[in-house]
Amino acid sequence: MTDSDLIEMYGKMALALDRIEHCREFAEIIPEVRSNLVFAREDAKTREDVLAIDGRITVVGGMPHAAGKPRFGASSHMARLIIEYRKYDPLVRAGIDFASTPDLARWLERYCTKNGWAFSVIDRRNEPEEIKEAEGASMPWKVKEAMRAAGGKPPKIFYETGAIGKEPVSVLVGRDPLEIVGQICTIAKLYHDRR
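An account of the accompanying structure is given in this report. Per chain, the residues get numbers from 1 upward, laid out in the order the sequence is written. Predicted model: local features are reported for residues with pLDDT of at least 70 only, side-chain atom pairs are reported and counted for 80 or more only, and whole-chain, interface and lining totals are derived from all residues. Remark: hydrogens and water are excluded; side-chain values derive from all non-hydrogen atoms of the structure.

With respect to the sheet that holds strand β6 (residues 94-99)
Item 1. One open sheet holds the seven strands; their spatial order is β5-β2-β1-β6-β9-β8-β7, and the pairing between them is mixed. Each having just a single partner strand, β5 (70-72) and β7 (119-122) make up the two edges of the open sheet. Neighbour-to-neighbour, the strand axes of this sheet turn through a mean angle of 20°, independent of strand direction.
Item 2. Where β6 lies against strand β9 (residues 169-174), six bridges are found, and the strand directions are antiparallel. From the neighbouring strand, Phe98 faces β9, where its bridge partner is Ser170.
Item 3. With respect to the sheet, helix α1 (residues 3-21) is in contact with β1 (37-40), β2 (50-53), β5 and β6, its orientation differing from that of β5 by roughly 140°.
Item 4. Where helix α2 (residues 77-85) meets the sheet, its contacts fall on β1, β2, β6, β8 (157-160) and β9, and the angle it forms with β6 comes to roughly 125°. Only strands that DSSP links by at least two bridges are regarded as paired with each other. Going along the chain from the N terminus, every DSSP run of H or I of four or more residues is numbered as a helix, and every run of E of two or more is numbered as a strand. The angle between two axes is taken between their N-to-C directions and runs from 0 to 180 degrees, where each axis is a line fitted to C-alpha atoms and a helix contributes only its stretch in contact. Residue contacts are counted whenever heavy atoms from the two residues lie within 4.5 Å of one another.

Thoughts on the pattern of salt bridges
Item 1. By definition here, a salt bridge exists when the distance from a side-chain nitrogen of Lys or Arg to a carboxyl oxygen of Asp or Glu is within 4 Å. Under the definition given, this model contains 13 salt bridges.
Item 2. Ionic pairing is found between Glu8 and Lys12, a salt bridge with its closest N-O pair at 3.3 Å. Of the two residues, Glu8 and Lys12 are both situated in helix α1; the distance of four residues between them amounts to about one turn of the helix.
Item 3. Between Glu179 and Lys156 there is a salt bridge whose closest N-O contact spans 2.8 Å. With Glu179 in helix α6 (residues 177-193) and Lys156 in the loop between α5 (138-149) and β8, this residue pair connects regions lying 23 residues apart in the sequence.
Item 4. For the exposure calls, accessible area comes from a 1.4 Å probe over protein chains only, and a residue counts as buried if that area is under 20% of its type's maximum, exposed if over 50%, partly exposed in between. Classification of Lys156 by relative accessible area gives buried; the value is 13%.
Item 5. Put simply, Arg124, Glu127, Lys142 and Glu160 are held in one network by salt bridges that share partners.

Observations concerning α6
Item 1. Between the first and last residue of a helix there are one fewer steps than residues, each counted as 1.5 Å, and that sum is the expected span. With 17 residues, α6 should reach 24 Å at 1.5 Å per residue; the first-to-last C-alpha distance of 24 Å fits that figure.
Item 2. Buried residues of α6: Pro177, Ile180, Val181, Gln183, Ile184, Cys185, Ile187, Ala188 and Tyr191, and no others.
Item 3. Contacts described as polar in this section are N or O atom pairs within 3.5 Å, which, within protein, must combine one atom able to donate a hydrogen with one able to accept it, while residues neighboring in sequence count only if both atoms come from side chains. The N-cap residue of α6 is Asp176: its side-chain oxygen and the backbone nitrogen of Leu178 are 2.9 Å apart.

Notes on the nonpolar core
Item 1. In these notes, a set of buried Ala, Val, Leu, Ile, Met, Phe, Trp, Tyr and Cys residues joined through side-chain atoms within 4.5 Å is what counts as a nonpolar core. Ile20, Phe26, Ile29, Leu37, Phe98 and Ile184 are the most contacted members of the largest nonpolar core, which totals 37 residues.
Item 2. Elements represented by at least two residues in this core include exactly α1, β1, β2, β6, α3 (102-115), β8 and α6.
Item 3. Tallying contributions element by element places α6 first for this core, with seven residues.
Item 4. Of all hydrophobic cores here, the second largest spans 23 residues; its members include Met78, Ala146, Met147 and Val171.

Functional significance is not addressed by these values, which are geometric in nature.
Okay, here's the thing in structure tokens:
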């Protein structure tokens, strides 16, 4: 990866963060575990190849707020997810996680259908015991399950139900963080306004 590629990645993340920090409605769908925005190198193999927000995105004064700056290796969960997802769709390099509630999930499914996006659900209760117990084994199972539940298509949005000690979260994926933030802010605003 060239210096100009790195500068472009950091630049896109900085612009995306600025936009998300001005999207008040996104604060309403940040989960208890907080959100992270990730952006993988084209040849990403490990979490060190994935740019993420150090400390995640939290809520301060009712607004989304990045706890730290973008840094390679700052994410474990979302970095591993995006690397695994890219095995099915290499054009996807970015993702964000956000809250999952039954109401939001139903609304997201309708939204995805309206927009022609694949959507799926991962039921963590179906995760095999041997995978639950093996360190790092859950991510390949989760992504494969998301694909299976979407009829073999890579889903644009999927969510996982909670399990013991696991908060349910949703994930939105795309080509870069600017695309992701534009889409998640639209989703957050429409979901907020529907009430």
